[in-house]
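For reference, the chains in residue letters:
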Amino acid sequence: MPNNINNSSISLWQASTTIPIFPTLENDSETDVCVIGAGIAGLTTAYLLSKQGKKVLLIEARNIGSGETGRTTAHFFPPDEWYHSVENSFGVDHSILVAESFSKAVDLVESIIKTEHIECSFKRLNGYLYSLFEKENKKIDEELNAARRAGVTVQKLEQVPGVNFATGPCIQYSNQAQFHPLNYLKGLSNAIIGNGGRIYCGTRALTIDSDKSIQIVSTTSKKIRAKAIVVATNTPFNDTVVMHTKQSAYMTYVVGIRVPRGSVPHILLWDTGDPYYYLRLESPEYDADYEILVVGGRDHKVGQDLHPEHRYEEIEQWIREHFPMAETVEYRWSGEIMEPADGMAFLGRNPMDDNNIYIITGDSGNGMTHCTIGAMIVTDLIMERSNPWASIYDPKRAVIHGISDFISEQANTLMQYSDWVKGGDVDTINDIPRGQGAIVQNGAHKIAVYKDFQGKLHGLSPTCPHLGCIVHFNSAEHSWDCPCHGSRFNIKGEILHGPAASPLKILPL
Ligand SMILES: Cc1cc2nc3c(=O)[nH]c(=O)nc-3n(C[C@H](O)[C@H](O)[C@H](O)COP(=O)(O)OP(=O)(O)OC[C@H]3O[C@@H](n4cnc5c(N)ncnc54)[C@H](O)[C@@H]3O)c2cc1C
Ligand code: FES
């Protein structure tokens with residue numbers, strides 16, 4: 001299984017492309033729009049604005065696609081929050097707008113790929129939602145009817161075509177899509193540069209200071225003055241509390257397994273489970289005989305399973321039960337998604353201020369689509385144009401429709417603070433195996449200790465710099481994960497995922 005020097009997993013996409021390298025920001029700069037984050041949200045926004053003639057400067061803390069876009073499975077499929085649920089919560093007018101935004105997002109991606117000649121194996125294909133159990137069939141019918149009312153092209157079939165196991169009734173969604181996400185980002189980066197935009201990597205935004213007309217981004221190197229800022233960092237680092245009560249961070253797991261070419265149909269497939277299994281096929285050009293079946297699922301809250309390796313085994317078992325022709329496991333990776341409490345992403349003006357600061361977050365398992373919709377909405381807001389979907393995705397809204405989820409997620413977060421009165425994970429440092437980490441109680445203090453493969457100890461403060469929860473070691477990714485709002489750090493304490501805006505402090509041992 002490919003692993004990098006941090007011993008975190010490597011996705012199929014990371015293993016099968018090279019990413020363009022951009023320099024660090026070396027001078028104080030001015031621009032119309034500063035975009036923060038080079039995932040699909042940031043790069044699509046930067047692309048659209050640069051096409052409109054705006055001066056765009058994009059900064060990225062690490063490299064292009066080093067966040068969740070490099071770890072996705074890249075299906076473009078219907079909302080995780082089913083049309084039935086959207087309609088129940090918000091009404092049919094709302095679900096019509098959701099369906100329209102989803103369809104236009106895939107159209108936009110397809111047209112960018114054509115215009116910019118991006119080679120990213122984009123493919124239109126059918127998606128199928130099937131019910132796991134007979135008692136769930138009613139849900140399939142409800143969803144079918146709600147999707148129809150939303151204007152989506154769907155039909156009910158008694159069996160998913162082309163698969164060898166009995167799926168039972170399913171909904172067929174026509175004209176869904178998939179692609180190679182990192183090759184898409186590569187193409188977007190080149191197009192942004194072609195449009196006169198600037199991209200700087202290895203440049204982390206630390207703070208945003210603003211007055212009515214100009215925003216100043218302080219970074220790990222220089223300062224940027226911009227008329228507008230787009231925070232496309234997957235979860236906003238510039239907002240300490242409000243947005244992090246409206247969404248919750250989950251890990252999701254993926255297995256990529258070899259299957260003989262032609263033995264699995266080119267479809268998107270997902271089930272009615274909660275969380276669900278989802279799958280697609282990728283056909284590497286280098287292998288004439290095999291394809292990679294990519295299956296994801298087994299989600300859990302970030303930082304709330306210290307030894308999640310069993311999740312890969314469960315996915316593999318599921319694959320072997322349903323696709324007995326599957327051969328060797330080639331990839332195993334995990335990543336983070338942000339689940340909005342009412343099921344709708346947060347795309348638009350930052351709720352915390354009246355300045356020109358915009359956020360794209362709350363992606364859920366639909367980040368390819370949501371981030372593209374977010375880029376369209378934010379571009380229109382910055383260009384001072386109206387956008388038909390801006391109000392339904394407005395980050396300012398109260399999450400009254402997901403109130404019970406909201407309450408249970410907040411209760412779960414509060415419970416994590418009780419870690420402060422618990423003891424360490426192990427009695428002494430000697431009990432930590434090589435290549436593992438644990439929280440160690442040292443008198444009145446706690447230390448996050450990682451023992452590397454040579455036996456050398458690395459000590460960090462376990463206090464998450466976001467809002468002070470205690471991080472936990474993730475033995476599958478070799479990262480320190482915060483169970484409260486999803487911040488993650490590598491074994492050196494460096495940020496892998498926000499909302500934390502500063503690293504874990506190094507403690508001498
Ligand atoms: C395993 C998995 C499977 C998924 N499957 C699907 C799927 O099938 N379909 C789908 O639609 N979605 C899916 N998703 C969700 C989707 O991948 C994400 O929602 C999407 O990639 C998020 O894109 P983004 O641009 O918001 O964030 P990211 O890709 O994470 O980009 C944010 C970038 O911001 C940078 N950054 C962060 N903080 C700073 C800072 N302070 N300064 C500068 N840069 C910063 C990060 O380094 C990162 O590169 C999946 C996610 C996972 C993990
Ligand atoms: S992510 Fe909020 S306290 Fe750690």
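Residues numbered from 1 in each chain as written. Chains lettered and ligands numbered in written order. Predicted model: local features only at pLDDT ≥ 70, side-chain atom pairs only at ≥ 80, totals over all residues. Heavy atoms only, no water.

**Quick word on the site of ligand 1**
Moving on, step 1. The environment of ligand 1 is formed by 39 residues, the closest being Glu 60, Thr 69, Thr 73, Asp 363 and Met 368.
Moving on, step 2. In the model, an oxygen atom of ligand 1 is placed 2.6 Å from a nitrogen or oxygen of the Glu 60 side chain.
Moving on, step 3. In the model, an oxygen atom of ligand 1 is placed 2.5 Å from a nitrogen or oxygen of the Thr 69 side chain.
Moving on, step 4. Elements represented by at least two residues in the shell around ligand 1 include exactly helix H2 (40–51), strand S11 (247–260), strand S15 (329–340) and helix H9 (367–382).
Moving on, step 5. In terms of residues, the shell around ligand 1 owes the most to one element, H9, which gives 4 residues.
Moving on, step 6. Partitioned by chemical class, the residues of the shell around ligand 1 number 14 nonpolar, 18 polar and 7 charged. (Near = heavy atom within 4 Å. Polar contact = N/O pair within 3.5 Å; in protein donor to acceptor, adjacent residues only side chain to side chain. Helix = DSSP H or I, 4+ residues; strand = E, 2+ residues; numbered from the N terminus. Nonpolar A, V, L, I, M, F, W, Y, C, P; charged D, E, K, R; others polar.)

**A closer look at the sheet that holds strand S22 (residues 479–481)**
Moving on, step 1. If you trace the 4 strands from one edge of the open sheet to the other, you get S21-S22-S23-S24, paired in antiparallel fashion. With one partner strand each, in any of the chains shown, strand S21 (472–474) and strand S24 (495–497) form the two edges of the open sheet. (Pairing = 2+ DSSP bridges.)

**Some thoughts on the domain arrangement of the chain**
Moving on, step 1. Domain annotation of the chain identifies domain 1 (28–71 + 197–245 + 343–408), domain 2 (77–181 + 248–337) and domain 3 (422–497).
Moving on, step 2. If you average the C-alpha positions of domain 1 and of domain 3, the two centres end up 30 Å apart.
Moving on, step 3. Of the residues lining the interface, 9 residues belong to domain 1; the matching set on domain 3 comes to 7 residues.
Moving on, step 4. Around 700 Å² of area is buried between domain 1 and domain 3 when both sides are counted, 49% of it from carbon and sulfur atoms.
Moving on, step 5. Across the contact surface, domain 1 and domain 3 share 1 salt bridge. (Domains from an automatic or database assignment. Contact = heavy atoms within 4.5 Å. Buried area = accessible area lost by both parts, 1.4 Å probe. Salt bridge = Lys/Arg side-chain N within 4 Å of Asp/Glu carboxyl O.)

**Let's talk about the UniProt feature "domain: Rieske" (unreviewed entry) in the chain**
Moving on, step 1. UniProt annotation of "domain: Rieske" (unreviewed entry) refers to residues 424–509 when read in the numbering used here.
Moving on, step 2. Taken end to end, residues 424–509 is 0% helix and 34% strand, and its first and last C-alpha atoms sit 16 Å apart. (UniProt positions renumbered as here; feature names shortened; annotations may be inferred.)

**Quick word on the sheet that holds strand S20 (residues 457–460)**
Moving on, step 1. One open sheet accounts for 3 strands, arranged S18-S19-S20; its pairing is antiparallel. Both edges of this open sheet fall to strand S18 (436–442) and S20, since each of them pairs with a single strand only. This sheet shows a mean twist of 30° between the axes of neighbouring strands, independent of strand direction.
Moving on, step 2. Pairing analysis gives 7 bridges linking S18 to strand S19 (residues 445–451), with the strands arranged antiparallel. (Axes fitted to C-alpha atoms, helices over the stretch in contact; angles between N-to-C directions.)

**As for the environment of Ala 147**
Moving on, step 1. As for its placement among the helices and strands, Ala 147 is situated in helix H5 (residues 137–149).
Moving on, step 2. Those residues in contact with Ala 147 that lie beyond four places of it in its chain are Tyr 83, Val 152 and Val 154.

**Digging into the pattern of salt bridges**
Moving on, step 1. Inspection of every chain in the model, using the stated rule, returns 17 salt bridges.
Moving on, step 2. For the salt bridge of Glu 142 with Lys 138, the shortest nitrogen-to-oxygen distance reads 3.4 Å. Remark: Lys 138 and Glu 142 occur in helix H5; sequence separation between them is 4 residues, near one turn of the helix.
Moving on, step 3. On the basis of relative accessible area, Lys 138 is assigned to the exposed category, the value being 59%.
Moving on, step 4. What emerges from the salt-bridge pattern is a single network uniting Asp 107, Glu 110 and Arg 124. (Buried < 20%, exposed > 50% of the residue type's maximum accessible area, 1.4 Å probe, protein only.)

**Regarding the state of the cysteines**
Moving on, step 1. The tally for this structure, following the rule as stated, stands at 1 disulfide.
Moving on, step 2. A sulfur-sulfur separation of 1.9 Å characterises the disulfide bridge that pairs Cys 469 with Cys 484. An S-S torsion of about -80° defines the bridge between Cys 469 and Cys 484 as left-handed. Of this pair, Cys 469 sits in the loop between S20 and S21 while Cys 484 sits in the loop between S22 and strand S23 (488–489), and the two are 15 residues apart along the sequence.
Moving on, step 3. A relative accessible area of 2% places Cys 469 in the buried class. (Disulfide = S-S within 2.5 Å.)

**Section: H2**
Moving on, step 1. With 12 residues, H2 extends 16 Å between its outermost C-alpha atoms, agreeing within 8% with the 16 Å of an ideal straight helix rising 1.5 Å per residue.
Moving on, step 2. Judged by how many residues are buried, H2 sits mostly within the fold: 11 of 12 residues are covered.
Moving on, step 3. Burial in H2 covers these residues: Ile 40, Ala 41, Gly 42, Leu 43, Thr 44, Thr 45, Ala 46, Tyr 47, Leu 48, Leu 49 and Ser 50. (Expected span 1.5 Å × (residues − 1).)

**Let's talk about the nonpolar core**
Moving on, step 1. With 83 residues, the main nonpolar core has Leu 43, Tyr 83, Phe 179, Tyr 184 and Tyr 393 as its most contacted residues.
Moving on, step 2. Among the elements that make up this core, the one with the highest residue count is helix H4 (residues 92–115) (9 residues).
Moving on, step 3. Shared between two domains, this core takes at least three residues from each, and those domains are domain 1 (28–71 + 197–245 + 343–408) and domain 2 (77–181 + 248–337).
Moving on, step 4. Those residues in contact with Tyr 184 that sit more than four places away from it in its chain are Ile 40, Val 109, Ile 112, Ile 113, Ile 118, Cys 120 and Phe 179.
Moving on, step 5. Tyr 128, Tyr 130, Val 163 and Tyr 277 belong to the second-largest nonpolar core, a separate cluster that totals 31 residues. (Core = buried A, V, L, I, M, F, W, Y, C linked by side-chain atoms within 4.5 Å.)

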